Amino acid sequence: MAWKRIATNLSPIFQTACARAYNRVSTILYKSRIPFTTYDVQDAFSWLMFPIYEGATELQFEIDAQVRVKSYVLPKDVPIETTADRFVNNYIVNDSRNRSRRHVIIINTSTNKALEEQICAKLDAFTQRERAPRESFYQVSTIPVPALTLTPVHRVRCYDKIFVNDEGEVFVTNIILTNLYGTEICSRISAALLAQCTRYKEFVNNDEIFAALVKGYAEADAEIVNNCVHQIYDAKLNELNAARMAEAVKTITTLATKDITKAAEQTVVEAQRRVQNIEEDYKDALGRLRNAQLNLLEAMTLGTTEREQQIADFLTSITPNITHLQKGDNNAIYLSYKTPLLYFEPKHMELMLNSSRPNPCNTAHPSIRSLLKEVFIDKTYQFIFDTGVDIDLRYNDIYYWAPPTNIVLQGIPNPHHKYYNCWGDNKPYIKKALVAHDMIAAITQIIAAFSGMNLTDTAVVRRFVEEELMTDSYKRIPCLKKLATGELFTIEQYCNNYTAAQEANNA
């Protein structure tokens, strides 16, 4: 990252926001003479990617399109009037590339003060024009200029260009003219926009923490930002998880117990029908009837209260490892569960790494080979899996389930389930438990399946190495636990540390 001060122990929310910013914040800094880089811009505007929870379970982001930041420098030794017209029309009025909700144009005016004055005069005139339907209108920006000023000789002018489409969506372009253009100006601009974001300020609902967050972005200090994010989202996620847990526990206990008496009654009816219609099977049907009657009496006597409490207590006991739990359609339960990789055969990985024949492990990048050795052979690190399952209570079956993109993963998915929906020897026990309405046994078997990996399955190992360890999809998720210290690392951090150590050894 391009932060002046790098944070340690990254919050998953902060890490996800930065990753989203790298994909959603784009820049055009061509010939602007601005010393900050694309990475500075992406870091500065990462706050726009923080989630905002509305209600018990709704999650939204401040924007749903790209953020674009562009920067230009005023040319020297040019005709002032004609250049001002052309510059304003080409780079501000007729900017056809603005298809994002948030658009920032930074104009470096240090090279031509006279041209700067002409451009400001034209923009001032635009702010006085009457608004026309379906056209952009201009206003003097609400960004406080003193918040951006770096020195007594720093000249800053700010304008807003606003467009509202037929669907009522608002597109804002912030235009900042500045004669000082150090790296600090980018962070200041973003922090000023954050300070004005009423929606996010209300979401934080703590003036002291919000002020600290704005200060962290103004100073490009990732440590301050990360600490604020920890404080904000720890409380928010606890509230959210508690609401989801209460709803899910209620749903699961209802679905797992409501059909017990009904099933016993249906068995009685079926047995009675067989007694009446099939004389030759009378004795057998009468026996079924008597057994069904006993089951019905037992169900009516015992009730479901004790079973409900057992399920509720069990779900509460595993709550720290549940990353998502909710009711789906048609009596389905969606569960995402975090568990360490516990069950595997080290000798199979040793054979692959030492084999003279190419395989997914011994042909991987050296840093990935080192990672596989430290996890599966040396056992100095441990993979953390975060895998989703769709528990189908209607047909008593299970399927791999991919959590929605707004869920912050706390590990990488188990490749057996993600790529092949394979549950191994656990599958028959899971289905048997679901048929018997034994939700505790079913979830316990599911967790056991999540915790294992068959290293002799070459197809699974190949996709695990090539699609989870060696691509950008999962490299920023803290999924590696160092067993000696308990620290969590991302795959990217591990590979960077490996490279740094190799360079130090070769120096």
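See the structure shown above.
Source: prediction; values computed, not measured.

Remarks on the pattern of salt bridges
Taken as a whole and judged by the stated rule, the model has 14 salt bridges. Residue glutamate 492 pairs with lysine 475 through a salt bridge whose shortest N-O separation is 3.8 Å. Separated by 17 residues along the polypeptide, glutamate 492 in helix H19 (residues 491-506) and lysine 475 in the loop between helix H18 (458-469) and strand E13 (478-482) bring together distant segments of the chain. Take glutamate 492: its relative accessible area is 27%, and that puts it in the partly exposed class. For glutamate 492, the salt bridge is made with arginine 476, and the minimal N-O distance between the two is 3.7 Å. Highlighted residues: glutamate 492 in helix H19 and arginine 476 in the loop between H18 and E13, separated in sequence by 16 residues. By sharing partners, the salt bridges in this structure join Asp472, Lys475, Arg476 and Glu492 into a single network.

Some points on the pairing of strand E4 (residues 67-73)
Along E4, seven of the seven residues are buried, which leaves the element largely enclosed by surrounding structure. Here E4 shows no split at all, with Val67, Val69, Ser71 and Val73 on one side and Arg68, Lys70 and Tyr72 on the other all buried. Bridge count for strand E1 (residues 25-28) against E4 is four bridges, and the pairing is parallel. From the neighbouring strand, threonine 27 faces E4, where its bridge partner is valine 69.

Notes on the nonpolar core
Nonpolar side chains in soluble globular proteins tend to end up buried together. Counting 54 residues, the largest nonpolar core has Phe14, Phe45, Phe50, Leu148, Tyr200, Tyr217 and Tyr233 as its most contacted members. Residues in contact with tyrosine 233, not counting those within four places in the same chain, are Ile13, Phe50, Pro51, Tyr53, Tyr200, Phe203 and Asn238. Counting residues in hydrophobic clusters, the runner-up holds 30 residues, among them Met349, Ala364, Phe383 and Leu455.

Topic: helix H14 (residues 366-376)
Considered for burial, the residues of H14 that qualify are Ser367, Ile368, Ser370, Leu371, Leu372, Val375 and Phe376. In the core, the buried residues of H14 are packed alongside helix H13 (346-354), strand E11 (381-392), H18, E13 and H19.

Section: the sheet that holds strand E6 (residues 137-140)
Spatially, six strands are ordered E1-E4-E5-E8-E7-E6 in an open sheet, and the strand pairing comes out mixed. Among the strands making up the open sheet, the edge pair consists of E1 and E6. Neighbour-to-neighbour, the strand axes of this sheet turn through a mean angle of 20°, independent of strand direction. The pairing of strand E7 (residues 156-164) with strand E8 (residues 170-178) spans nine bridges and is antiparallel. What sits directly across from tyrosine 159, in E8, is isoleucine 175.

Considerations on the side chain of lysine 122
Structurally, lysine 122 is set in helix H4 (residues 113-128). Judged by relative accessible area, lysine 122 falls into the buried class, the value being 18%. For lysine 122, the side chain forms a polar contact with the side chain of aspartate 85, separated by 2.6 Å. What lysine 122 contacts, discounting residues up to four positions off in sequence, is Glu81, Ala84, Asp85 and Val88.

Reading the values: the criteria
- Residues numbered from 1 in each chain as written.
- Predicted model: local features only at pLDDT ≥ 70, side-chain atom pairs only at ≥ 80, totals over all residues.
- Heavy atoms only, no water.
- Salt bridge = Lys/Arg side-chain N within 4 Å of Asp/Glu carboxyl O.
- Helix = DSSP H or I, 4+ residues; strand = E, 2+ residues; numbered from the N terminus.
- Buried < 20%, exposed > 50% of the residue type's maximum accessible area, 1.4 Å probe, protein only.
- Pairing = 2+ DSSP bridges.
- Core = buried A, V, L, I, M, F, W, Y, C linked by side-chain atoms within 4.5 Å.
- Contact = heavy atoms within 4.5 Å.
- Axes fitted to C-alpha atoms, helices over the stretch in contact; angles between N-to-C directions.
- Polar contact = N/O pair within 3.5 Å; in protein donor to acceptor, adjacent residues only side chain to side chain.

Function cannot be inferred from these measures alone, as they are strictly geometric.
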